[in-house]
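Each chain, letter by letter, is given below.
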Amino acid sequence: EAERVVEAIYEAPYLAHAAMENWSCIVEMDEDGVLHLWAPSQAQDAFREAAAKAADLPLHRVRVHTPRIGGAFGRWCDADAVPGAVYTAVAIKKPLQFFWRREDQTAQGHFRSAQVARLRASINSAGKATALDIRMSGQPLRSRMREGQLDTWNAVYGLRGLRYGIDSLRVDWVRVNQPVPVSTWRSIGASQNAYFLECFIDELAAELGKDPCQFRRELLAHDARALKVIDTAAELANWDETLPEGRARGMAFFESYNALCAQVAEVSLNNGKPVVHRVSCALDCGSVVLPDAVKAQVEGSVIMGMSTALGEQVVIQNGAAVNTNFDGYQIMRMADAPLRIDT
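Below is a short write-up of the structure. Just so you know, these numbers come straight off a predicted model, no measurement behind them.

About the thresholds
- Residues numbered from 1 in each chain as written.
- Predicted model: local features only at pLDDT ≥ 70, side-chain atom pairs only at ≥ 80, totals over all residues.
- Heavy atoms only, no water.
- Axes fitted to C-alpha atoms, helices over the stretch in contact; angles between N-to-C directions.
- Helix = DSSP H or I, 4+ residues; strand = E, 2+ residues; numbered from the N terminus.
- Parallel < 35°, antiparallel > 145°, perpendicular 65-115°, else oblique.
- Left-handed = near helix turned anticlockwise from the far one by under 90°.
- Contact = heavy atoms within 4.5 Å.
- Nonpolar A, V, L, I, M, F, W, Y, C, P; charged D, E, K, R; others polar.
- Pairing = 2+ DSSP bridges.
- Buried < 20%, exposed > 50% of the residue type's maximum accessible area, 1.4 Å probe, protein only.
- Polar contact = N/O pair within 3.5 Å; in protein donor to acceptor, adjacent residues only side chain to side chain.
- Salt bridge = Lys/Arg side-chain N within 4 Å of Asp/Glu carboxyl O.

Moving on, we get to the packing of helix α6 (residues 212-219) against helix α7 (residues 224-236). For the pair α6 and α7, the least separation of the axes is 10 Å and the interaxial angle reads 165°. Judged by the inter-axis angle, α6 sits roughly antiparallel to α7. Like other packed secondary-structure pairs, α6 and α7 cross with a definite hand, here left-handed. Of the residues in α7, those touching α6 at C213, R216 and R217 are L227, I230, D231 and A234. Looking at the contact of α6 with α7 residue by residue, the class counts come to four nonpolar, no polar and three charged.

On the basis of which strands lie adjacent, the open sheet formed by four strands has the order β4-β3-β2-β5 and mixed pairing. Strands at the two margins of the open sheet, each flanked by one partner only, are β4 (62-65) and β5 (96-99). Across the sheet, the mean angle from the axis of one strand to that of its neighbour is 20°, orientation sign disregarded. Pairing of strand β2 (residues 24-29) with strand β3 (residues 35-38) involves four bridges; the strand directions are antiparallel.

Of note, R278 is situated in strand β11 (residues 273-284). Given the relative accessible area of 12%, R278 is considered buried. For R278, the side chain forms a polar contact with the main-chain oxygen of L236, separated by 2.6 Å. For R278, the side chain forms a polar contact with the side chain of D342, separated by 3.1 Å. With sequence-adjacent residues up to four places away left out, R278 is seen in contact with L236, A237, N238, V264, A265, E266, P338, R340 and D342.

Another aspect to go through is the pattern of salt bridges. One pass over the full model with this rule turns up 18 salt bridges. Note that D223 is salt-bridged to R163, the shortest N-O span being 2.5 Å. Note that D223 is positioned in the loop between α6 and α7 and R163 in the loop between α4 (151-155) and β8 (168-175), a separation of 60 residues in sequence. For R163, a relative accessible area of 22% corresponds to the partly exposed category. Via salt bridges that share partners, R118, R120, D133 and R170 belong to a single interconnected network.

The structure is reproduced here in structure tokens:
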């Protein structure tokens, strides 16, 4: 019964974790027959189980030590390199430092899964969006940490139970199996789903001839908490002020892990290339214990989000990743970062 139907298709590529440090760990068997593993693990149980299996030891004779350095944005949830380190340390009966080369680390994944999304919305005669249909398709997460359990949950993360006041919502996901190794990557499903949804909300605003901020306020009019986040970001960015010639503002809003975030980017084009001058962020993540730590997380997320949107992608050809190092996998450089991030 829609008067108009708006439809758009979006794609998200494979992405590498691009950690500065390569996969590494230290393994030692002590005099009491206890295997010690020092590794920057995000999943100690999985690392311990992998080490015990490789050494043919009971779990109580394996100890995992987690250093305070070494982060990889989800890559260290997978213990795939642990067996090789343990096999070697047990064989030579000496302490061992085991690491992958940069080329192995980059080319062997595990990547963020590539996904495609088709979004459709119905608009009635009163100019209101009445229904939203989201269909996504892509490779399942297949985390080595939790085989098969997170596939659907991850694929539709952040899109079920949307806060936007649209009467009818359908979200589904079509599983496409591929041999490319994939795993958890930063915010997992939210990283691409926020992009799919918020680009489409802007498409709807443009179709209806409405200001993107005001359109989101209409969709969130029933939700005081969400409105506060939207309004705070808009006020921080001086949304209603006229920008210099050649500049524009864009807004996005998303909920992930019970935290609500809105951001406004001030951008221009330089020879067809987007330049981001300023990003204004409002985050409601509940109780905050360390404000500076939260601020640092938000600023880091802005840089990572811009980097993935404007440059990063893993290209698969002839059964292998073409990108094997930072010269072929383009992460954002300092010169391209926004001069100002307000949180």
